[in-house]
Amino acid sequence: MMSTASDTAAERYARGWAKLREVDGEAGEQVINSLCDISPDLSRYLIEYCFGDIYARGKLDLKTTELVVVAALAAMGTAEPQLRVHLHGALNTGNSRQEVVEALLQVAVFAGFPAALKGIVAAREVFAARDEQGKPDAPLAPAAAAPAGTRPVRGEEALERLKAGQLRHLHAEYDAIAPDVVGFIVDFCFGDVLSRPALLPPLRQLLTVGMVTAKGGLTAELEFHIRAALHLGCLPEAILEIMLLMTVYAGFPAALNGIAIAKKVLAEPTGGPAGSGQ
Amino acid sequence: MMSTASDTAAERYARGWAKLREVDGEAGEQVINSLCDISPDLSRYLIEYCFGDIYARGKLDLKTTELVVVAALAAMGTAEPQLRVHLHGALNTGNSRQEVVEALLQVAVFAGFPAALKGIVAAREVFAARDEQGKPDAPLAPAAAAPAGTRPVRGEEALERLKAGQLRHLHAEYDAIAPDVVGFIVDFCFGDVLSRPALLPPLRQLLTVGMVTAKGGLTAELEFHIRAALHLGCLPEAILEIMLLMTVYAGFPAALNGIAIAKKVLAEPTGGPAGSGQ
Amino acid sequence: MMSTASDTAAERYARGWAKLREVDGEAGEQVINSLCDISPDLSRYLIEYCFGDIYARGKLDLKTTELVVVAALAAMGTAEPQLRVHLHGALNTGNSRQEVVEALLQVAVFAGFPAALKGIVAAREVFAARDEQGKPDAPLAPAAAAPAGTRPVRGEEALERLKAGQLRHLHAEYDAIAPDVVGFIVDFCFGDVLSRPALLPPLRQLLTVGMVTAKGGLTAELEFHIRAALHLGCLPEAILEIMLLMTVYAGFPAALNGIAIAKKVLAEPTGGPAGSGQ
């Protein structure tokens, strides 16, 4: 299924169209059809490049791919129609509604509450449309069981999992200037959100890498989160697939910036110097 | 009213709910209610963290807080429903309609005219809704009195107020490459907009710090504007409260980036080296 | 037509109003009229500064100016009403519908497919409105002739045109970490999109400079693309006019950041050191 330089346009198109149908279903087809009068070439690039080249690589499973795309589009906050298409895509590729909502909760930490709220509003519309269509999505969980431990305890554990010694580092970095901020990072970001059991830590870290890459401009943060993803056992290949995915959703400059940062982190000796970001 | 680590969830929730009602009124309640079927946890975090932890700190008065939020959301340009909620919030907490419009004018300088225009369109809708509800807002000012002095004179005064010698610095920086740009900065940014008497210079500078932090990625600019805010007499605490506020509206990476820049500026000896940004 | 410090407000207003009518026609007038009840001053700044000062400079022809504005607004993704106004503006100033669509295709490369799709959707609405009004735009081209050469050949030529040796540089930079990315850059970015004959390479490069400046935060990328624009024969003056234009559309911090980067590039000896971005 891998694209190679010798693929004909017809092969890329056929492969892309099949992949588009698999991921986005009718919502994707509608996007394509809506383009034929005004820009058939954009529709062709969408099929050939986005789906025939990138999605068809098959190096990151579609379920993870689509959850990363949902998080990144919600974090960018500029692409509501595409967010809706990929909310369908995330559910079509095996994510439960609960997993989708969890990814959108995580957006609140990395792109703010307005971005998360917009994502949740779009998700509610998509869920309602799918109810009408009788799509058999794995449902929202019933009231979640109370999570283990207190917020600070859960939070410190989740933070230290990203990088041993990070709590001490954050206190040293911020306490003199903004004494409460480390408490908010530990209790809210990690104790409330990032320790929620519905998504595994390595998957959450891939969502974070996607969001921070897509937003662009936050170099130190991205560096820290790529390092943390590797520390949690994410494969370098998965991180680089996310960068390729971001060529589609955020454009080549933001994606190539992400690749340059990944290259720097991957060149570090394992157990190398600590990052300074959050 | 300060949050502490030992607060129970119930205390944070009660405190947050009261604060949300105080700031956003019915518009805020509607947001909360709309979340209960799809993500009760997001609604809980919104109440507990955003309002129970951050807004309840009480270190920056609510009136200023909400005007900063309006400016930052308008500058981001990605959160219209939240912008409308906080336009209500700004008026609910004692800002006049004129002050709200002034903050949106300032958005034109720091995030461009399209962002300011979108903000003004939202404000008109909110004003009309409040007229129907019979809310007694302090009105738009009648035709403003002609401001004192010519544009270049007003502009130079307002610019030099941010930093003595800045006019000379800008000429040295830009004249060889873009000879007209200093004129536009002085005449339009400072002579037209930032010298308008309806908002005091330190308040304007807090709005600017909020906007540039929320947009992310403009390090040199943010550094200059934090330094200028301190020079105008803004307290370091106020600047740091704005950074905490931006954890809510723009996410932790952008806010922590802002705190890192504030830390650098605050470590400078007073009267230290001049910034190079505008 | 140049603005000078001694211009009276009345002169700037009259000059700006004429320019606004020339560029945006009725769509622009509607924006102005819609502001008179809520912020007559914003409407005045729009006329005096944006059109009376910046557009009236006349150093970059209006046709190019408006195509750059369309690309930048679509890339930002936050200003749909203004994008529609300037889609009209681009057509009013002599761009064909095909040229407008080509500019939006290029947005896919630099800001991602969702941004390009939003732009195309807006363009379709604007084209339909103009059909109803009977505007005689130069039409969309009929099915484009098959472009010359294969994708990799076209792509390599287009890439090397920006900077001799860049293909080798990209392979050295990326092959060890993300072996397929150079292929995607060459085949998709350059072979599919940037080599399309409907817009000349120097014009495409001005669009890119506008988009990357407007998005902000991507310093290495902007540096590369300014250098490439000069290499393609774009005048330094044209690049700086685009930065001034971005004061209007993306705000002064992003524009001044762009000017600082342009200053650095222009200070390099010709044939100086190679950039590292794409």
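Keep in mind the model is a prediction, meaning the values are calculated, not measured. (Residues numbered from 1 in each chain as written. Chains lettered and ligands numbered in written order. Predicted model: local features only at pLDDT ≥ 70, side-chain atom pairs only at ≥ 80, totals over all residues. Heavy atoms only, no water.)

K.L.:
So what's going on with the interface of chain C and chain B? Which residues, and what values?
P.N.:
If you look at the interface, chain C gives 39 residues, while chain B gives 39 residues. Where chain C abuts chain B, roughly 3400 Å² becomes buried across the two surfaces, and 70% of that area is made up of carbon and sulfur atoms. At the junction of chain C and chain B, the tally comes to four salt bridges. Arg124 of chain B is the salt-bridge partner of Asp37 of chain C, the closest N and O atoms lying 3.7 Å from each other. Elements with a minimum of two residues in the side of chain C that touches chain B: α1 (9-35), α2 (40-54), α12 (236-249) and α13 (252-266) of chain C. (Contact = heavy atoms within 4.5 Å. Buried area = accessible area lost by both parts, 1.4 Å probe. Salt bridge = Lys/Arg side-chain N within 4 Å of Asp/Glu carboxyl O. Helix = DSSP H or I, 4+ residues; strand = E, 2+ residues; numbered from the N terminus.)

K.L.:
Could you give me a rundown of the relation of the copies chain C and chain B, with the residues and numbers involved?
P.N.:
Laying chain C over chain B is done by rotating through 120° and shifting 0.0 Å along the axis; what remains is an RMSD of 0.0 Å. Given the turn and translation reported, the copies of this chain are related as if by a three-fold rotation axis. Nearest to the rotation axis, the C-alpha of Gly217 of chain C is located 2.6 Å from it, this being the minimum over chain C. Mapped onto chain B, only 5% of the interface residues of chain C again fall at the interface, so the copies present different surfaces. (Least-squares fit on C-alpha atoms with pLDDT ≥ 70 in both.)

K.L.:
Talk me through the interface of chain C and chain A; I want residue IDs and the actual numbers.
P.N.:
At the junction of the two partners, chain C supplies 39 residues and chain A supplies 39 residues. A per-residue breakdown of the area chain C buries against chain A is headed by Phe113, Ile177 and Phe184 of chain C, which together make up 20% of the total. When the shortest N-O distance is used, the salt bridge between Arg196 of chain C and Asp41 of chain A registers 2.8 Å. For the interface between chain C and chain A, the tally reads nine residue pairs in polar contact (both at pLDDT 80 or more). Elements that contribute at least two residues to the side of chain C that touches chain A include exactly α5 (97-111), α6 (113-133), α8 (166-174) and α9 (181-194) of chain C. A total of nine residues in the side of chain C that touches chain A trace back to one element, the largest contributor, which is α6 of chain C. (Polar contact = N/O pair within 3.5 Å; in protein donor to acceptor, adjacent residues only side chain to side chain.)

K.L.:
Give a detailed account of the packing of aromatic side chains, specifying residues and quantitative values.
P.N.:
Evaluation of the coordinates by the stated rule reveals 24 aromatic pairs over all chains. When the ring of Phe188 of chain B is compared with that of Tyr49 of chain C, the centres are 4.2 Å apart and the planes differ by 5°; the resulting orientation is stacked. With Phe188 of chain B in helix α9 (residues 181-194) and Tyr49 of chain C in helix α2, this residue pair bridges two chains. In this pair, the class of Phe188 of chain B matches that of Tyr49 of chain C, namely buried. (Phe/Tyr/Trp six-rings, centres within 6.5 Å; stacked < 30°, edge-to-face > 60°. Buried < 20%, exposed > 50% of the residue type's maximum accessible area, 1.4 Å probe, protein only.)

K.L.:
Describe helix α10 (residues 201-215) of chain B, naming the residues involved and giving the relevant values.
P.N.:
Residues and elements named next belong to chain B. For α10, with 15 residues, the first-to-last C-alpha span of 21 Å sits near the 21 Å given by 1.5 Å per residue. By the criterion of burial, α10 is predominantly enclosed, with twelve of the 15 residues buried. All of the buried residues in α10 are Leu203, Arg204, Gln205, Leu206, Leu207, Thr208, Val209, Gly210, Met211, Val212, Thr213 and Ala214. Phi for Gly216, located one or two positions after α10, is positive at around 75°. (Expected span 1.5 Å × (residues − 1).)

K.L.:
Give me the lowdown on the UniProt feature "domain: Carboxymuconolactone decarboxylase-like" (unreviewed entry) in chain A, citing residues and values where you can.
P.N.:
Residues and elements named next belong to chain A. Per the UniProt record, the feature "domain: Carboxymuconolactone decarboxylase-like" (unreviewed entry) sits at residues 40-124 and 179-263. Along residues 40-124 one finds 82% helix and 0% strand; the C-alpha atoms at either end are 32 Å apart. A helix fraction of 80% and a strand fraction of 0% characterise residues 179-263, whose end C-alpha atoms lie 34 Å from each other. (UniProt positions renumbered as here; feature names shortened; annotations may be inferred.)

K.L.:
Lay out the packing of helix α3 (residues 62-76) of chain C against helix α4 (residues 80-92) of chain C with the relevant residues and their values.
P.N.:
Residues and elements named next belong to chain C. Packing of α3 against α4 leaves a shortest axis separation of 9 Å and a crossing angle of 155°. If you check the angle between α3 and α4, you find them roughly antiparallel. Crossing of α3 over α4 shows left-handed handedness. Across the interface between the two elements, Glu66, Val69, Val70, Leu73 and Ala74 of α3 pack against Gln82, Leu83, His86, Leu87, Gly89 and Ala90 of α4. Considered class by class, the residues forming the contact of α3 with α4 number seven nonpolar, three polar and one charged. (Axes fitted to C-alpha atoms, helices over the stretch in contact; angles between N-to-C directions. Parallel < 35°, antiparallel > 145°, perpendicular 65-115°, else oblique. Left-handed = near helix turned anticlockwise from the far one by under 90°. Nonpolar A, V, L, I, M, F, W, Y, C, P; charged D, E, K, R; others polar.)

K.L.:
Residue-level account of the environment of Glu241 of chain A, with values.
P.N.:
All names here are of chain A. Mapped onto the elements of the fold, Glu241 is located in helix α12 (residues 236-249). Taking the relative accessible area as the measure of exposure, Glu241 reaches 9% and is therefore buried. With residues up to four places along the chain from it excluded, the contact list for Glu241 reads Arg57, Lys59 and Leu60. Side chain to side chain, Glu241 and Arg57 meet in a polar contact 2.8 Å long.

K.L.:
Break down the pattern of salt bridges for me, citing the residues and quoting the values.
P.N.:
Residue and element names in this part refer to chain A. Tallying each qualifying case throughout the model produces 75 salt bridges over all chains. As a salt-bridge pair, Glu223 and Arg227 come within 3.0 Å of each other at their nearest N and O atoms. One end of the pair is Glu223 and the other is Arg227, both in helix α11 (residues 219-231) and four residues apart, which spans about a single turn. What makes Arg227 buried here is its relative accessible area of 15%.

K.L.:
Please provide a residue-by-residue account of the packing of helix α5 (residues 97-111) of chain B against α9 of chain B, values included.
P.N.:
Residue and element names in this part refer to chain B. Contact geometry of α5 with α9 gives a least axis separation of 10 Å together with a crossing angle of 170°. It follows from the interaxial angle that α5 and α9 lie roughly antiparallel. Residues Leu105, Gln106, Val109 and Phe110 of α5 form the contact with α9, whose participating residues are Phe188, Cys189, Val193 and Leu194. For the contact of α5 with α9, the per-class residue count stands at seven nonpolar, one polar and no charged.

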